[in-house]
Amino acid sequence: MAVEKRIQLEDDIGVQLPEDGAMDSNMEVTLEDQQEIAAAEAMGMIPQEDGMELEIEDHEANLADMLDDQELNLIAMELSESFQNDKDSREDYDSIAEEGVTLLGLQDENGDEPFPGACGATHPALTQAVVKFQAKAYKELFPTEGPVRTRIIGAQTPQKTEQANRVRHFLNYQTQLQMPEYGPELDRLLFYVGLYGSAFKKTYWDATLQRPRTQYVKAQDFYIDYYASDLETAERFTHTYSMSQNEIRKYQLAGMFKDTEVMDSPMDGESNAEETANEAVGVSRPSMQKDRVEILEMHVNLDLPGFEDENGIALPYIVHMTDDNTILAIRRNWNQDDQAKKKKHFFTHFTMIPGLGFYGYGYLHLIGGLTKTATSSMRQLIDAGTFANLPGGFKAHGLRVLAPDEPIAPGEWREVNSPAGDLGKALQPLPFKEPSGTLFNLMQYVVNTAKEFADSSDHIVDNASNYGPVGTTMALLEQSSKMFSAVHKRLHSAQSKDLRILARLDHEYLPDMYPYEVAGGAQQVFKQDFNLKSIDVIPVTDPNMPSESHRIAKINAIMTIAQQQPQSYNMEQIGMELFQAMGIDEPQRYLKKKQQPISADPITENMAVMKGAPLQAKPEQNHDAHLVTHAMMLQNKTYQGNPQLVQLLTSHIQDHMAMKYRQEMMQMIQDPRMQQMIMAGQPLPPEIENQVALMAANAADQVNKLDIEKEKILSGEKDKEDPVSKQLELQQMELDLKRQVHMDKISLEESKMIIDDENKDEDRLLKAEQMNMKFAGDVARDAKKTVSIAMKGINKNV
């Protein structure tokens, strides 16, 4: 039997096993073979040699430890050549970055042109646009309550809702407390996005900190394949950064890097952009660079020797190497259970406006030329004012001024030694003009154009002292916010990708159940919550509303529409959303507490409604008395001028009329159980519901006639000469109504008896006879009462 199992296993895995089951150390076995052999051995199908263990390769293993030095050198040379090609393809990008730092005007320039001491100031149009963009975007992307919200995919269920809440609470905790660098790194990233149009966010698992970590990456430190259009489809991109020897040693001890000797990187001169940026903030790179190593982190598709794909496809790997071509790590960059071997992403590209190539456009590209023009005009105006205030000129050859090196103070007259003649002829000032008004107007035009282009939406909203019609306001907002709305949507989309990367890292590295502490108590989240199959994580920002001013203007427009028909809108909800748009916490504290409705006698209710108190009708009240009392108050001209009183009383009268109608109709149903079901609003069985409907339809006309007659009697419209006959007529109508109700009730009881198979025919006849006898007694009592009334009327007339 064991031989048959061994032969079957050889056929399954395609590996010939030795007769005794022991594994030959020279036998080549792939990872899949090792896994299947280990599984078979666990089931007892393969005897294992004593002291021999099968090694199954870890998917996250550093493959650089499994390759010989010759293969690593060949891979390093190939990757280094590819990186140099990527670097050469964007060699002019650094000059653009240098120009951007210069136009910001952050460094102090001593002007030497066209004369020593000339103006070296830079107009702040570009700086103002970038800083306002950064402040506006950061406020939207990282609000105080946290940047994350969740969205349920598919049908909403209680389980999905609980999962979405757990994920939302944990990610907000993580981005605000567990990852303290998240907010500052996002803030710095947005400055580069506004200036250069492109910046990158890197989110990864830090093995030394044992938590996710995020950092911004400047476009100058990120090199990508020339033919790439996005990160998802790029064949290769590289992030360059430096590490200390101590950090590298930590990674080597943690098993992240290959344990090999690493040399310090040679001291390369700073790029022009880096040098200019360092001068702007007053720092400089040390002249002697020690203990620093330049690292190239390359995300690249490779056909790695010994790990080739069976279809000959280059697979995604992450390679860490130094600038002197020493490979430190090669790791697979796909999930172990992913048959398609799709590349995992750790970088997110944030763009302001898509450019003609991979990199985006920022304010440097959009208003950089206008900033140059404004700067040139401003410098000329200042230099012209300098010449006009301190003119220079020519003096005669024989003229000698005492103390020529000392400047003349304002109002000072200094003696000179001059030959005989007119002093005015010995000095000839140059014809300097005052600063040109035309040049000043040109500078104003350029600056206004740059501001309107960079911040047109705020220009319209902030300068609107009062909003006009709703349609005009919404049209202005829509027209003014088109550019920034598009930019905001791009940032929203990029942050969504970054948050999904963070959720994927939590799904890969968190334990099955992770407890954590927040203000208000202990919380917990589960690893399986982050599979993102039933929910999605998205930024809390609204991509359709790019700023707070737009949200406030939109809510104001909604409130203007609602005020025209306040009864059709939830004004309280609109007010709450307005408070939220203004960023006010706990807006409920501004709302007036609702007064509890009053239910009392009609006089007390009329007194309360004068003070604006709400009223509540109750079933046990005398509805006729309340209706008469409240109606008389409404007819009083003294109170008709109070619209709030009229509205409250009118609504209260309608409540009493509804309850009165229900009581009159309920009198037709003698079954207490059915009355309780109807009063409670419970659904009735179809057969009983149909019988009740039939009884109500038959008696509704009689109830209506009885109410009309009662109204006429109360109003005195009936013939006063024959009150006895009218009273008898009214009594007869009530008798007819009771008779009809009795017949309907008999029909209802007979229907119940027919439906109930357990009732016998003689029982049904007996019950019908009893009901007839009861009805005859009721008729006799009513007839006696009628005769008594008639006799009293006759005696009164006599």
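Please read all numbers here as calculations on a predicted model, not as lab measurements.

Trainee: Help me out: how do you make sense of the sheet that holds strand β6 (residues 292-302) in this one?
Mentor: Strands belonging to one sheet form pairs held by backbone hydrogen bonds; the direction of such a pair is parallel or antiparallel. Pairing is antiparallel across the open sheet formed by five strands, whose spatial order is β4-β5-β6-β7-β8. Edge strands, defined here as strands with exactly one partner in the open sheet, are β4 (222-224) and β8 (327-332). Taking the axes of each pair of neighbouring strands and ignoring which way they run, one obtains an average angle of 20° across the sheet. As judged from the eight bridges shared by β6 and strand β7 (residues 315-322), these two strands associate in the antiparallel manner. Of the residues in β7, the one forming a bridge with Glu297 is His320. The sheet contacts of helix α3 (residues 69-88) involve β4, β5 (236-244), β6, β7 and β8, and relative to β6 the element is tilted by about 95°. Lying on the sheet, helix α8 (residues 245-253) is in contact with β5 and β6; it crosses β5 at an angle near 110°.

Trainee: What am I meant to see in the sheet that holds strand β3 (residues 211-218) here?
Mentor: Pairing is antiparallel across the open sheet formed by three strands, whose spatial order is β3-β2-β9. A strand with exactly one partner marks an edge of an open sheet, and here the two such strands are β3 and β9 (347-351). Across this sheet, the average inter-strand angle for adjacent strands is 20°, counted without regard to direction. In this structure, strand β2 (residues 198-206) lies alongside β3, joined through eight bridges in antiparallel fashion. Along β3, the bridge assignment pairs Asp206 with Arg211. In the packing of helix α7 (residues 182-196) onto the sheet, the strands contacted are β2, β3 and β9, and the crossing angle to β2 comes to about 155°.

Trainee: How do you make sense of the nonpolar core when you look at a structure like this?
Mentor: The tendency in soluble globular proteins is for nonpolar side chains to be buried as a group. Membership of the largest hydrophobic core comes to 69 residues, with the highest contact counts inside it found for Leu126, Ile224, Tyr363 and Leu491. Considering each element in turn, this core owes the most residues, nine residues, to helix α15 (residues 482-509). With residues up to four places along the chain from it excluded, the contact list for Ile224 reads Asp86, Leu231, Ala234, Arg236, Phe237, Phe358 and Tyr359. Counting 22 residues, the second-largest nonpolar core is a separate cluster that includes Tyr223, Phe307, Val319 and Trp334.

Trainee: Looking at this structure, I do not really get helix α19 (residues 623-635). What am I missing?
Mentor: Structural remark: α-helix, 3.6 residues per turn; residues separated by three or four positions point the same way. The terminal C-alpha atoms of α19, which comprises 13 residues, lie 18 Å apart, in line with the 18 Å expected from a rise of 1.5 Å per residue. Within α19, burial applies to His623, His626, Leu627, His630 and Met633. Summarising the axial view, the buried residues of α19 lie within an arc of 135°, below the 170-degree limit, and thus occupy one face. Along α19, exposed side chains directed more than 90 degrees from the buried face belong to Val628, Met632 and Gln635. Summarising the contacts, the buried residues of α19 are in contact with α18 (602-610) and α20 (643-666).

Trainee: Would you mind showing me how to read the packing of helix α5 (residues 125-141) against helix α10 (residues 363-389) here?
Mentor: How two helices sit against one another is set out by the angle between their axes and by the gap between those axes. Remark: α5 packs on α10, axes separated minimally by 9 Å, with the N-to-C direction vectors making an angle of 150°. Relative to α10, the element α5 is oriented roughly antiparallel. Side by side, α5 and α10 meet where Ala125, Leu126, Ala129, Val130 and Phe133 of the first sit next to Tyr363, Leu364, Ile367 and Thr371 of the second. Per-class residue counts for the contact of α5 with α10 are eight nonpolar, one polar and no charged.

Trainee: Explain helix α6 (residues 158-178) to me, please; I cannot follow it from the model alone.
Mentor: In this model α6 runs 28 Å from its N-terminal to its C-terminal C-alpha over 21 residues, within 8% of the 30 Å that 1.5 Å per residue would give. Here α6 has its buried residues at Lys160, Gln163, Ala164, Val167, Phe170, Leu171, Asn172, Tyr173, Gln174, Thr175 and Gln178.

Trainee: Hey, could you run me through the pairing of β9 in this one?
Mentor: The buried count for β9 comes to five of five residues, which makes it a mostly enclosed element. Of the two faces of β9, the one holding Phe347, His349 and Thr351 and the one holding Thr348 and Phe350 are both buried throughout. Two strands pair when backbone bridges link them, and β2 and β9 are joined in this way by five bridges, in the antiparallel orientation. Note that in β9 the partner of Lys202 across the bridge is Phe347.

Trainee: When you look at the side chain of Lys344 in this model, what are you seeing that I'm missing?
Mentor: Relative to the elements of secondary structure, Lys344 occurs in the loop between β8 and β9. Residue class for Lys344 comes out buried when judged on its relative accessible area of 9%. The residues touching Lys344, leaving out its near neighbours within four places in the chain, are Glu60, Asn333, Trp334, Asn335, Arg504 and Glu508.

Trainee: Even after reading the chapter, I still don't get the environment of Ala228, so can you show me in this structure?
Mentor: Its place among the elements puts Ala228 in the loop between β4 and β5. Once the C-alpha coordinates of Ala228 and Phe358 are considered, the two residues, 130 residues apart in sequence, prove to be 7.0 Å apart.

Cut-offs applied
- Residues numbered from 1 in each chain as written.
- Predicted model: local features only at pLDDT ≥ 70, side-chain atom pairs only at ≥ 80, totals over all residues.
- Heavy atoms only, no water.
- Pairing = 2+ DSSP bridges.
- Helix = DSSP H or I, 4+ residues; strand = E, 2+ residues; numbered from the N terminus.
- Axes fitted to C-alpha atoms, helices over the stretch in contact; angles between N-to-C directions.
- Contact = heavy atoms within 4.5 Å.
- Core = buried A, V, L, I, M, F, W, Y, C linked by side-chain atoms within 4.5 Å.
- Buried < 20%, exposed > 50% of the residue type's maximum accessible area, 1.4 Å probe, protein only.
- Expected span 1.5 Å × (residues − 1).
- Arc of directions from axis to C-beta.
- Parallel < 35°, antiparallel > 145°, perpendicular 65-115°, else oblique.
- Nonpolar A, V, L, I, M, F, W, Y, C, P; charged D, E, K, R; others polar.

Coordinates in, geometry out; function isn't part of it.
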